[in-house]
Amino acid sequence: MGTRQKRWGALALMILAISIGTYFYIDHLRYKAMHAIPPGLSRFDITGPVPACGRWKVHMPKVRDPEAYRLYIQARKQWRSKIAWQFTKDELLKILADVRTAADKGDWGARALLAHFYLHGLGPMPWNKVLDQEENQGVAIARVAVAAGQPWGYYDVGVAHQYGYGGAYYDLDISWAYYLRAAQLGSPDAQMALAEAYGEAGRRDAEAQMMKCAYEQGHGPAAHKLAVIAEIEKRYMDALRLHQEAVKFGSEESAAHLYLAFGDGVGRMIQEAALTPLGFGQDTERTRRYTEIGEALDLNPDLKFSRLDLFLPLPPAKLPAWPGVEGAMDPEPPGPPTY
């Protein structure tokens, strides 16, 4: 091989090496850009300061369009009125149309519900399916909420990054950065996510602080978890009261706990430690009422029971007449909608 050929061969190899190096460098930069913590977010440090108790309502629109809100509430109630397979296709088409209309009018609750429909589909059976899963669409709606500074959007995008769907690539650092911001803004779900992380790291005080933040916003899972912890720590009266609060906040699990506490057999721990000294034990009427509430929450986990103590108070209060589950629910708010 001549000198010129050798030079051309060396030059070709150099160009190839530069091209390959450039490709991998650009790919590296692209990867770094994709996995950089987004602007405005901070990396979650499990050893760092615990976020202050944010309140989600502070960061939400103070008023809602009455017509959009009416459509949303009407559609949500209808959607929660049956088990999914019991709906006809026409019923689900109407629900979807009303939620879309309300979302288009700007109602944030309708947007959150529409995102849920996109993430999970609507209509589980061949004869009533009206919407396939479209995860990209669901996450896109959550990103709109992020742009508006709404806590639920940050939490939902964090979930998407945790599992890597809807155009959100799998990245735990980014996921926890979204959870941290959501918790700072008051998302109870994000506050509970941080509580779990602190608990796994052995930071019990931080775990309790985050659970309390969520509990003080009326979050059923937080109240239920605090009740379970009280049971483990043998603070049975506290456990009883916290389970009652959790039921008010819509916890089906705590309704089951109280059903057992007033039943025979499994609920003996609370019954013997907290109820027996008050002169109470098995109570079939209380058991029946908690059963009704649990069944209602199984169908519609959105229900809240602010009037529970009026019709199903804890001992030693005596039971008044039972108006049914509806009587213990939150009454419809008067006036124009806010939250």
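Residues numbered from 1 in each chain as written. Predicted model: local features only at pLDDT ≥ 70, side-chain atom pairs only at ≥ 80, totals over all residues. Heavy atoms only, no water.

Draft legend 1. Looking closely at the overall build of the protein. The helix and strand tally for the protein stands at 16 helices and 0 strands. In the structure as shown, the protein presents an accessible area of about 18,300 Å², 58% of it carried by carbon and sulfur atoms. (Helix = DSSP H or I, 4+ residues; strand = E, 2+ residues; numbered from the N terminus. Areas by Shrake-Rupley, 256 points an atom, 1.4 Å probe, with all protein chains shown as cover.)

Draft legend 2. Main features of the pattern of salt bridges. Tallied over the full model, the rule gives 21 salt bridges. With its nearest N and O atoms 3.8 Å apart, the salt bridge here joins D302 to R76. Remark: R76 occurs in helix α2 (residues 66-79) and D302 occurs in the loop between α14 (284-299) and α15 (308-311); sequence separation between them is 226 residues. Taken together, the shared-partner salt bridges in this structure form one network comprising E233, R235, D238 and R241. (Salt bridge = Lys/Arg side-chain N within 4 Å of Asp/Glu carboxyl O.)

Draft legend 3. Structural detail: the nonpolar core. Counting residues in each nonpolar core, the largest one holds 66 residues, and the members touching the most others are I95, V99, F117, L122 and L194. Not counting residues up to four positions away in its chain, the partners in contact with V99 are A75, A110, L113, L114 and F117. (Core = buried A, V, L, I, M, F, W, Y, C linked by side-chain atoms within 4.5 Å. Buried < 20%, exposed > 50% of the residue type's maximum accessible area, 1.4 Å probe, protein only. Contact = heavy atoms within 4.5 Å.)

Draft legend 4. Representation of the confidence of the model for the protein. Mean pLDDT over the protein works out to 89, with 84% of the residues at or above the 70 mark. Across residues 25-33 the pLDDT falls below 50, and counting only partners more than four positions away or on other chains, this stretch makes 0 contacts in the model. (pLDDT = per-residue confidence, 0-100.)

Draft legend 5. Examining unusual backbone geometry more closely. Residue P316 is bonded to the preceding P315 through a cis peptide linkage, with omega at 15°. With respect to the secondary-structure elements, P316 resides in the loop between α15 and α16 (325-328). The backbone of K234 shows a phi angle near 65°, a positive value even though the residue is not glycine. Among the secondary structure elements, K234 is positioned in the loop between α10 (220-232) and α11 (236-248). On the accessibility criterion, K234 (62% relative accessible area) is exposed.

Draft legend 6. How the structure looks around a nonpolar patch on the surface. Taken together, the side chains of I83, W85, W127 and L299 present a nonpolar region at the surface, about 440 Å² in accessible area. Within the element layout of this structure, I83 appears in the loop between α2 and α3 (89-104). Taking relative accessible area as the criterion, I83 reaches 43% and is therefore assigned partly exposed. (Patch = residues over 30% accessible without salt bridge, like charges linked within 9 Å, V, L, I, M, F, W, Y side chains within 5 Å.)

Draft legend 7. Examining the packing of helix α6 (residues 151-163) against helix α7 (residues 172-185) more closely. One can describe the packing of α6 onto α7 by two numbers: an axis separation of 8 Å at closest approach and a directional angle of 160°. Overall, the two elements α6 and α7 adopt an arrangement that is roughly antiparallel. The way α6 lies across α7 gives a crossing that is left-handed. The residues of α7 that touch α6, namely those facing P151, Y154, Y155, V157, G158, V159, H161 and Q162, are L172, I174, S175, Y178, Y179, R181, A182 and L185. Residues that form the contact of α6 with α7 fall into these classes: 11 nonpolar, 4 polar and 1 charged. (Axes fitted to C-alpha atoms, helices over the stretch in contact; angles between N-to-C directions. Parallel < 35°, antiparallel > 145°, perpendicular 65-115°, else oblique. Left-handed = near helix turned anticlockwise from the far one by under 90°. Nonpolar A, V, L, I, M, F, W, Y, C, P; charged D, E, K, R; others polar.)

Draft legend 8. Local environment of the packing of helix α5 (residues 135-147) against α6. At a closest axis distance of 7 Å, the pairing of α5 and α6 adopts a crossing angle of 140°. As judged from the angle between their axes, α5 and α6 are oblique. Between α5 and α6 the crossing geometry is left-handed. For the pair formed by α5 and α6, the contact residues are V139, I141, A142, R143, A145 and V146 on the first element and W152, G153, Y154, D156, V157, A160 and H161 on the second. Taken together, the residues of the contact of α5 with α6 break down into 9 nonpolar, 2 polar and 2 charged.

Draft legend 9. Layout of the side chain of R289. Along the chain, R289 falls in helix α14. At 2.6 Å, the side chain of R289 forms a polar contact with the backbone oxygen of F311. Filtering out sequence-adjacent residues up to four positions away, R289 remains in contact with F311, L312, L319, P320, A321 and W322. (Polar contact = N/O pair within 3.5 Å; in protein donor to acceptor, adjacent residues only side chain to side chain.)

Draft legend 10. Representation of the packing of aromatic side chains. Throughout the structure, instances matching the rule amount to 9 aromatic pairs. Consider the rings of F44 and W176, whose centres lie 5.4 Å apart with planes at 20°: the pair is stacked. Linking F44 in the loop between α1 (3-34) and α2 with W176 in helix α7, this pair joins segments that are 132 residues apart in sequence. Using a relative accessible area of 22% as the deciding quantity, one classes W176 as partly exposed. Taking the centre distance of 5.7 Å and the plane angle of 65° together, the rings of F44 and Y198 count as edge-to-face. With F44 in the loop between α1 and α2 and Y198 in helix α8 (residues 188-200), the pair connects residues that are 154 residues apart, well separated along the chain. According to the relative accessible area criterion, F44 is buried, its value standing at 15%. One aromatic cluster is present, formed by F44, Y155, W176, Y179 and Y198 through successive ring pairs. (Phe/Tyr/Trp six-rings, centres within 6.5 Å; stacked < 30°, edge-to-face > 60°.)

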